[in-house]
Amino acid sequence: MSSALDRLKSLTNKISSYERARKDNLAILQTLYTELGIHQKVDDFSELFNFKAINLSGASLQSENLGEVKKGKYLQILAIGYDKDAVVKSKNVSLGYFGKAESVDTLLKDKVVEFIIRFRFEKSFMTLEHYYVMLESFQNVE
């Protein structure tokens with residue numbers, strides 16, 4: 001019985017930790033949204049999450065070389081929108097252009113990379129919630 005209780009406590013702590021991390025992440029993400037000037041392209045912070053994805057040109061997002069500059073590229077935040085009613089369904093939108101990647105101040109580049117990682121972190125929670133709700137429709141199937 002003790003091991004079941006220990007597992008429950010561990011799970012509860014983990015869930016609580018994720019929720020705290022998510023709350024903190026959103027606060028920092030909103031600050032970066034303003035600092036990087038993204039609010040000039042996307043009026044409302046919550047509208048950011050209407051994009052299917054946000055990508056980066058000019059620096060790596062891979063964990064092995066996170067933030068490493070890609071020489072000859074331009075540092076740019078690119079959002080991928082989707083309009084199911086349009087002829088061309090997918091549309092790329094520039095949310096921020098910062099110039100030649102190797103010329104961008106390291107602190108600014110790091111904030112851009114952080115913004116994208118934090119966006120993806122929150123977007124993953126939203127995706128998880130979406131599928132969780134979808135799975136509920138199978139609960140009553142016999």
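So, a few notes on the structure that sits alongside this text. (Residues numbered from 1 in each chain as written. Predicted model: local features only at pLDDT ≥ 70, side-chain atom pairs only at ≥ 80, totals over all residues. Heavy atoms only, no water.)

**Observations regarding the packing of aromatic side chains**
Each aromatic ring pair is described using two quantities: the centre-to-centre distance and the angle formed by the ring planes. In the structure shown here, the tally under the stated rule is five aromatic pairs. Centre to centre, the rings of Tyr 33 and Phe 45 are 5.3 Å apart; their planes meet at 75°, and the pair counts as edge-to-face. In this pair, Tyr 33 sits in helix α1 (residues 2–35) while Phe 45 sits in the loop between α1 and β1 (53–57), placing the two residues 12 residues apart along the sequence. Judged by relative accessible area, which is 5%, Tyr 33 ranks as buried. Owing to a relative accessible area of 12%, Phe 45 belongs among the buried residues under this scheme. Aromatic ring contacts, followed pair by pair, group Tyr 33, Phe 45, Phe 49 and Phe 119 into a single cluster. (Phe/Tyr/Trp six-rings, centres within 6.5 Å; stacked < 30°, edge-to-face > 60°. Helix = DSSP H or I, 4+ residues; strand = E, 2+ residues; numbered from the N terminus. Buried < 20%, exposed > 50% of the residue type's maximum accessible area, 1.4 Å probe, protein only.)

**A closer look at helix α2 (residues 106–136)**
In a regular helix each residue adds 1.5 Å, so 31 residues correspond to 45 Å; α2 covers 46 Å between its end C-alpha atoms and thus fits that length. Burial in α2 covers these residues: Lys 109, Val 112, Val 113, Phe 115, Ile 116, Phe 119, Glu 122, Lys 123 and Phe 125. Where α2 begins, the capping side chain belongs to Asp 105, and its oxygen is found 3.1 Å from the backbone nitrogen of Leu 107. (Expected span 1.5 Å × (residues − 1). Polar contact = N/O pair within 3.5 Å; in protein donor to acceptor, adjacent residues only side chain to side chain.)

**Re α1**
In this model α1 runs 49 Å from its N-terminal to its C-terminal C-alpha over 34 residues, within 8% of the 50 Å that 1.5 Å per residue would give. Within the span of α1, buried status applies to Arg 22, Asn 25, Leu 29, Leu 32 and Tyr 33. Next to the buried residues of α1 lie α2. Once α1 finishes, Gly 37 follows within two positions and takes phi at roughly 80°, a positive value. (Contact = heavy atoms within 4.5 Å.)

**What about the pairing of β1?**
Only one face of β1 is buried, namely the one carrying Ile 54 and Leu 56, since none of Ala 53, Asn 55 and Ser 57 on the opposite face is buried. Judged from the five bridges that link them, β1 and strand β2 (residues 74–82) form a sheet pairing that is antiparallel. Among the inter-strand pairings, Leu 56 is bridged to a residue of β2, identified as Ile 77. (Pairing = 2+ DSSP bridges.)

**What about the sheet that holds strand β3 (residues 90–100)?**
Taken in spatial order, the three strands of this open sheet run β1-β2-β3, and their pairing is antiparallel. On the outer flanks of this sheet lie β1 and β3, each paired with one strand and no other. When strand polarity is set aside, the average angle formed by the axes of neighbouring strands in this sheet is 20°. The sheet contacts of α2 involve β1, β2 and β3, and relative to β1 the element is tilted by about 155°. (Axes fitted to C-alpha atoms, helices over the stretch in contact; angles between N-to-C directions.)

**Some details on the pattern of salt bridges**
Within the structure shown, the criterion is met by five salt bridges. With a shortest N-O distance of 2.5 Å, Glu 35 and Lys 111 are connected by a salt bridge. With Glu 35 in helix α1 and Lys 111 in helix α2, this pair connects stretches of sequence that are 76 residues apart. The exposure class assigned to Glu 35 is partly exposed, which follows from its relative accessible area of 46%. Residue Lys 111 is classed as partly exposed on the basis of its relative accessible area, which comes to 25%. Overlapping salt bridges, with partners in common, bring together Arg 22, Glu 122 and Glu 129 in one network. (Salt bridge = Lys/Arg side-chain N within 4 Å of Asp/Glu carboxyl O.)

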